[in-house]
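Given next are the chains, with one letter for each unit.
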Amino acid sequence: MPIARAAASVALEAIELRVLHLPLVSPFTTSFGTETVREVIVVRARTVDGDGWGEIVTQQAPLYSSEYTQGAWDVAQRFLVPALLDAGTLAPEQVAGILEPFVGHRMVKAGLELAILDAALRAEGRPLGEYLGAVVDRVPSGVSVGIQRDPAALVEAVGGYLDAGYVRIKIKIKPGRDVADTAAVRDAFGAIPLQVDANSAYTLADGATLAELDRFDLLLIEQPLQEDDIVDHATLAARLRTPVCLDESIVSAKAAADALALGAASVINIKAGRVGGYLEAVRIHDLCREAGVPVWCGGMLETGIGRAANAALAALPGFTLPGDVSASDRFYARDIVTEPIRLEDGHVRVPTGHGLGVEIDPVALEDATVARAELRR
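Residues numbered from 1 in each chain as written. Predicted model: local features only at pLDDT ≥ 70, side-chain atom pairs only at ≥ 80, totals over all residues. Heavy atoms only, no water.

Student: Sorry if this is basic, but what is going on with the overall build of the chain here?
Tutor: When helices and strands are counted, the chain shows 13 helices and 14 strands. Relative to the compact-globule value of 21 Å for 377 residues, the chain shows a C-alpha radius of gyration of 20 Å, a close match. A principal-axis box enclosing the C-alpha atoms of the chain has dimensions of 60 × 40 × 35 Å. Each of the 377 residues in the chain was classed as buried or not, and the buried ones make up 58%. Carbon and sulfur atoms provide 50% of the accessible area of the chain, an area that totals close to 14300 Å². The centroid of the 34 positive side-chain charges in the chain is displaced by 1 Å from the centroid of its 51 negative side-chain charges. (Helix = DSSP H or I, 4+ residues; strand = E, 2+ residues; numbered from the N terminus. Rg over C-alpha atoms; globule rule 2.2 N^0.38 Å. Buried < 20%, exposed > 50% of the residue type's maximum accessible area, 1.4 Å probe, protein only. Areas by Shrake-Rupley, 256 points an atom, 1.4 Å probe, with all protein chains shown as cover. Lys, Arg positive; Asp, Glu negative; His and termini not counted. Charge placed at Lys NZ, Arg CZ, Asp CG, Glu CD.)

Structure representation (structure tokens):
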């Protein structure tokens, strides 16, 4: 279902970049480390008709991805932003083509594209959800639970999220913190929708351990092997009853098509930042929908900017599994938008205002800013 009508062109005057440090309400631990402060880059596209906002979802260190804050900061200022400013007047659909000569750096490209898309849609008076092809006004909300001190602490944390109304639980796993943790959650809460996320922590040699997870009737196991192990994922998928979902491996529509052709995944997690932007995310959605493969929207601890955009994306018809579009207060006591995303009966609403449908809280933005740069035409 291609986007019905392209967005209008905007006359780009300047792009502002800010590095933010946002304290997390509790430490978030995965197989690749623990975060207590979310470091993220926010983009402001200044145009003749008004501003637009985007978010570059890199982290402080290249642990989840090869992209990281200082690398993103450098490549944005040195190459990507100047290329967009040189273009002058451009439509959001042109951003990917303008930036294509620069290899990689998909998270930076995604944040820049989103800012220009937001500016264009605000100028048109058009919501992002409508533009992308949303078919519902709210989406079911799952929550991602980091590795806890022990299984008992994990059960306590999961219980709190279930009490808050989240309709699906995802727990992070790694070698030594997998079968026992999953068993504890399943034993404590029965037949709740439950999935696990390995963040590439295993190899094919761990196949027997991963096969033990089959007895827990999981929705899926997410990214058990390294991101470039597409063939090994296909081998593993044939050994497991639990559906294998790919995350880090899916960096583009081409990567998604290859994974499906090889039988490496029967579910795909779409993260707009990881694949280079929301327009590429829609292409992956369309490809999977045509193939009858379910998709869901993953999260990268976004601020209210990326969280609003993810809610719009998750409202497309192929997103048939609850995603990680959780409420803002799951991660932040103070978001940088005036109306943070909230949980309502296990769902979050798709913003209906112009563009992203959220407004920036200038005081919160300033308080979180640790670095700022602006490039002009």
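Student: Could you clarify how one ought to interpret the environment of Pro317 in this entry?
Tutor: When you line up the elements, Pro317 lands in the loop between α12 (304-314) and β13 (347-349). The exposure class of Pro317 is partly exposed, given its relative accessible area of 24%. Sequence spacing of Pro317 and Arg289 is 28 residues, and the spatial spacing of their C-alpha atoms is 8.3 Å.

Student: When you look at helix α3 (residues 106-124) in this model, what are you seeing that I'm missing?
Tutor: Given 3.6 residues to a turn, an α-helix orients residues that are three or four positions apart in the same direction. Taking 1.5 Å of rise per residue, the 19 residues of α3 would be expected to cover 27 Å, and the 27 Å separating its terminal C-alpha atoms lies within 8% of that figure. Directly after α3, the chain includes Gly125, whose backbone phi takes a positive value near 75 degrees. (Expected span 1.5 Å × (residues − 1).)

Student: For this particular structure, what's the right way to read empty space enclosed by the protein?
Tutor: Rolled over the atoms, a probe sized like a water molecule indicates the empty space that remains. Counting across every chain of the model gives 2 cavities of 30 Å³ or more. For the largest cavity, the calculated volume is near 70 Å³. Looking at the largest cavity, the residues that line it are Glu55, Val57, Ala110, Gly111, Leu114, Ala272, Gly273, Tyr278, Glu302 and Gly306. Those elements that provide at least two residues to the lining of the largest cavity are α3 and α10 (272-275). For the lining of the largest cavity, the element with the most residues is α3, which contributes 3 residues. Counted as a void, the second largest cavity has a volume near 30 Å³. Lining the second largest cavity are Val57, Thr58, Gln59, Ala61, Tyr64, Ser65, Glu67, Met107 and Met300. Partitioning the lining of the second largest cavity into residue classes produces 5 nonpolar, 3 polar and 1 charged. (1 Å grid on protein atoms, 1.4 Å probe; cavity = no way out; pocket = protein on both sides within 12 Å on 5 of 7 lines; lining within 4 Å. Points joined across faces, edges and corners; volume = space filled by probe spheres on them. Nonpolar A, V, L, I, M, F, W, Y, C, P; charged D, E, K, R; others polar.)

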